[in-house]
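# Notes for the structure review
This is what each chain is made of:
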Amino acid sequence: MWCLELLLPVLLIIHDADSQWNVWVPRDISAMTNSCVVIPCTFMYPSSIRPYRGIHGIWYFGQPYPQLFPPVVFKSRTDVVHESYKGRTKLLGDLNQRNCTLLIGNIGAEHSGKYYFRADLGGANIYTYPDFAELKVLDQPTIDVPEEIVSDENLELTCYVPDNCPDMTPEIQWMYTDYLPDPEFSSDYVEESNTAVMSSTLAFVPRPMHNGQLLGCRVYYPNTTLVYERLISLDIKYAPRSVWVNISSEVMEGSSVTLHCEVDSNPPPRISWMFGDQELLWDTASNVSLSLDDVTPKSEGIYTCVGDNGYGVMNTSLYLSVRYPPREPVVNESLTVQQGTSLALHCSTQGNPAPTLTWLKDGELVGTITADELSVLEVMEITPQGDGQYRCLAENEHGRASSSFNITVEYPPVLLEESKCTVVREGVQCVCMATGNPEFYLADLNITINETDNRYNFYTHTDGHMSTGMIKLREKGERVNNGGPAVNVHCSISNMYGRESVLLELQQEKKYMMAVIVGTIGGVAVIAFIIAAVRYVGQNNKKENGNPRQDVVLENPALFYSAVKKDKQNLRKKVLKTELLGSKFNSILEETTGEDGDFQPVGPMAGLERQELNYAALEFIGVRPREGAPGRGDDGGNYMEIKAK
């Protein structure tokens, strides 16, 4: 304990002494390279110390410990200093007044660092102050830029330059401000901790267009060549101001397309491609491309590019049109309707561009052509003629497609007026034409004929909805004694909508008798013509033999002739069509053949056909000329060709 009691007064004395060794220097000080700097300095020492040889001072660079041999910047006792400070330093303060202010001229970057002052009061009273002044040698001014510059918000930029050289006063100018909107300038002088700083402030409202622009601060010292510049690039934050995408485009189904999006913003935005509410792609960049492969009609629609960088959101859309040929039209199912029903026939399809829809019935145009994806064909009170195949044809510039269905119209049976009975060689032939399957009824025999048996030949032929039935009766069509009909044949047809029956008329007297008369007259005319021709030939032979009055005596002459007929089928068609039926049922009658395989007309018609003669060759055999007449030569003039038309 006695040791502590003796040590405590000593510690108090030492603490009092240390507290009196003080120095005041600026902690930080700056200067422009090649200029000068004044480091203000004031020091204190204990009042109990009496310097007996005056006060001396030393400035060290880098560290305060002499034993480590730091570079000497200034020494009041001698001019021996470090080589880099020779002729550059000067003590401006009076050490006896406790002023240790130091001037360093023509400083360079190598002079940046910490400076320590050491007081030498003589004897053992030498003390190096631990406080230091740190010098920063600058080669350009300092521009104070806010951490964030936002578009359309007021901005102030300040340029600083140290003013710690009493012999040189700097001037500040702003560079590249011509493009700024209404810039404002202001100057200020700040002195703190015995150091001075001169500043100039530029104020303006930046725009997105100013992003990346250069601004500069120039510092110069009048009457010197010293000039210093500092350039900055404006980093202006702004919301997306434009979103560029492809123009709306058209592509073919199955092809590929790339959609580009570029956003102008700072910082770069988060770009996303949207299709409806679905996000297809996103990335943080200034541009993003969306690739679509093997596009389908489902790919058609509005695509939106959205840019968001935290300062704002912007989007732009485009429309992608997918072209494709018409799809197979959707139409009504095939249907069966009753006559008089009204119908609405629908046809719908898809295609791009919108197809034209055309209605066809059995290949013929019906209705109007519609340039739409839906067409309705209205059929009011349909008739039997409306029965058939209906087709909807869809067309556009990329192709065509069609669908069809059938409409069957049901209606009560109809018997045509052409139904009748006609006399033929075998007997009577009855034809019945109707919409349906006709059947024959023989009232006299109370027999319904709808099939072939040994007595009746029943024949049917169907063409579309028209059916033709035909039977042959072996009996001749002669009238009975009381003048009633020669035949009593009924044709009838029935279906679920009704029944129709008619008594077939026997058409024989007028047309058949006319054929007989014409045939008889024609035969007589042909025979008369042949006789006249023979006589004419005989007279010519007499003239050629020089005896015009010589007569030719025929003794049982044999008359030979050859006849070349026209095509019998054409003749039959001509005669029967003209004289018997005169209607469209000749085709049915032509199909009827006799028992010998050839058509044989009835009655005088047979003679008419045999008298059809195109030409004849006549030769008289055993002819005996009269006396005095020259003999017949072999000059081939024995006969003449006689043509009958």
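Residues numbered from 1 in each chain as written. Predicted model: local features only at pLDDT ≥ 70, side-chain atom pairs only at ≥ 80, totals over all residues. Heavy atoms only, no water.

With an unreviewed UniProt entry as reference, the chain is termed Myelin associated glycoprotein, source organism Oryzias melastigma. According to the UniProt record, the Subcellular location (unreviewed entry) comment for the chain is "Membrane". (UniProt positions renumbered as here; feature names shortened; annotations may be inferred.)

### Thoughts on the overall build of the chain
The helix and strand tally for the chain stands at 5 helices and 47 strands. A total of about 37300 Å² of accessible surface is found on the chain, and carbon and sulfur atoms cover 50% of it. (Helix = DSSP H or I, 4+ residues; strand = E, 2+ residues; numbered from the N terminus. Areas by Shrake-Rupley, 256 points an atom, 1.4 Å probe, with all protein chains shown as cover.)

### Regarding a nonpolar patch on the surface
A cluster of nonpolar side chains, Tyr176, Leu214 and Leu231, forms an exposed patch at the surface whose accessible area comes to about 290 Å². By the secondary structure assignment, Tyr176 is in the loop between strand S14 (171-175) and strand S15 (184-192). Assessed through its relative accessible area of 45%, Tyr176 is described here as partly exposed. (Patch = residues over 30% accessible without salt bridge, like charges linked within 9 Å, V, L, I, M, F, W, Y side chains within 5 Å. Salt bridge = Lys/Arg side-chain N within 4 Å of Asp/Glu carboxyl O. Buried < 20%, exposed > 50% of the residue type's maximum accessible area, 1.4 Å probe, protein only.)

### Thoughts on the state of the cysteines
Summed over all chains, the structure comprises 7 disulfides. Here Cys347 connects covalently by a disulfide to Cys392, the sulfurs 1.9 Å from one another. On the sign convention where negative is left-handed, the bridge of Cys347 and Cys392, at about -80 degrees about the S-S bond, is left-handed. Here Cys347, found in strand S29 (residues 343-348), pairs with Cys392, found in strand S33 (residues 388-396); they are 45 residues apart in sequence, far enough to count as distant. Like Cys347, the residue Cys392 is buried in the burial classification. Linked covalently through their sulfurs, Cys432 and Cys491 form a disulfide whose S-S length is 1.6 Å. On the sign convention where negative means left-handed, the S-S torsion of about -70 degrees between Cys432 and Cys491 marks this disulfide as left-handed. Separated by 59 residues along the polypeptide, Cys432 in strand S36 (residues 428-434) and Cys491 in strand S41 (residues 489-495) bring together distant segments of the chain. (Disulfide = S-S within 2.5 Å.)

### What about the packing of aromatic side chains?
This model, assessed by the stated rule, comprises 17 aromatic pairs. When the centroid spacing of 5.4 Å and the interplanar angle of 55 degrees are considered together, the rings of Trp59 and Phe117 count as tilted. Of this pair, Trp59 sits in strand S5 (residues 56-61) while Phe117 sits in strand S9 (residues 113-120), and the two are 58 residues apart along the sequence. Of the two residues, Trp59 and Phe117, neither departs from the other in class, the shared state being buried. Between Tyr221 and Tyr228, the aromatic rings sit 6.1 Å apart at their centres with planes inclined by 90 degrees, giving edge-to-face as the arrangement. One exposure class covers both Tyr221 and Tyr228, and it is buried. Clustering of aromatic rings is evident, with ring pairs tying together Trp21, Phe43, Tyr45, Trp59, Phe117, Tyr127 and Tyr129. One residue, Arg98, lies across the ring of Tyr45, its end atom 4.3 Å from the ring centre. Across the ring face of Trp282, the terminal group of Arg270 is positioned such that the distance to the ring centre comes to 4.3 Å. (Phe/Tyr/Trp six-rings, centres within 6.5 Å; stacked < 30°, edge-to-face > 60°. Lys NZ or Arg CZ within 6 Å of the ring centre and 35° of its normal.)

### Digging into the pattern of salt bridges
Evaluation of the coordinates by the stated rule reveals 10 salt bridges. Ionic pairing is found between Asp120 and Arg77, a salt bridge with its closest N-O pair at 3.2 Å. Separated by 43 residues along the polypeptide, Asp120 in strand S9 and Arg77 in the loop between strand S6 (72-75) and strand S7 (89-91) bring together distant segments of the chain. Ionic pairing is found between Glu395 and Arg400, a salt bridge with its closest N-O pair at 2.3 Å.

### Topic: the sheet that holds strand S32 (residues 374-379)
Spatial strand order, S27-S29-S32: 3 strands in an open sheet with antiparallel pairing. Edge positions in the open sheet fall to strand S27 (330-331) and S32, since each of these has one partner strand only. Pairing of S29 with S32, which is carried by 6 bridges, proceeds in the antiparallel orientation. Within the sheet, the bridge partner assigned to Cys347 lies in S32 and is Ser375. (Pairing = 2+ DSSP bridges.)

### Notes on the nonpolar core
Counting residues in hydrophobic clusters, the biggest one holds 31 residues, and the most contacted among them are Phe43, Trp59, Val73, Cys100, Ile104, Tyr115 and Phe117. Elements represented by at least two residues in this core include exactly strand S2 (28-32), strand S3 (37-39), S5, S6, strand S8 (102-104), S9 and strand S10 (126-138). Per-element tally for this core: the top contributor is S10, with 4 residues. For Cys100, the residues in contact, after removing those within four places along its chain, are Val23, Ile39, Cys41, Thr42, Phe43, Trp59, Leu91, Leu95 and Phe117. Counting 27 residues, the second largest nonpolar core, distinct from the first, contains Val38, Ile143, Leu215 and Cys217. (Core = buried A, V, L, I, M, F, W, Y, C linked by side-chain atoms within 4.5 Å. Contact = heavy atoms within 4.5 Å.)

### Some thoughts on the confidence of the model for the chain
This prediction gives the chain a mean pLDDT of 79; 75% of its residues lie at or above 70. For the stretch residues 546-645, pLDDT sits under 50, and the model shows 142 contacts to residues farther than four places along the chain or on other chains. (pLDDT = per-residue confidence, 0-100.)

### Quick notes on the sheet that holds strand S21 (residues 257-266)
The 4 strands lie next to each other as S12-S19-S21-S24, forming an open sheet whose pairing is mixed. Looking at which strands have only one partner, the edges of the open sheet turn out to be strand S12 (149-150) and strand S24 (287-292). With 5 bridges joining them, strand S19 (residues 236-245) and S21 adopt antiparallel strand pairing. Paired with Ser242 across the two strands is Asp264, which belongs to S21.

### Details of the environment of Thr142
Inspection of the secondary structure puts Thr142 in strand S11 (residues 142-144). Taking the C-alpha atoms as reference points, Thr142 and Cys159, separated by 17 residues in sequence, lie 5.6 Å from one another. For Thr142, the contacting residues outside a window of four places in its chain are Thr158, Cys159, Tyr160 and Arg230.

### Remarks on the pairing of S41
Bridge analysis of strand S37 (residues 439-442) against S41 gives 4 bridges, and the strand direction is antiparallel. The residue bridging Phe440 from the neighbouring strand is Cys491, located in S41. Pairing of S41 with strand S42 (residues 498-503), which is carried by 6 bridges, proceeds in the antiparallel orientation. Note on S42: the bridge partner recorded for Ile493 is Glu500. Turn length for the S41-S42 hairpin, with the two strands adjacent in sequence and antiparallel, is 2 residues.

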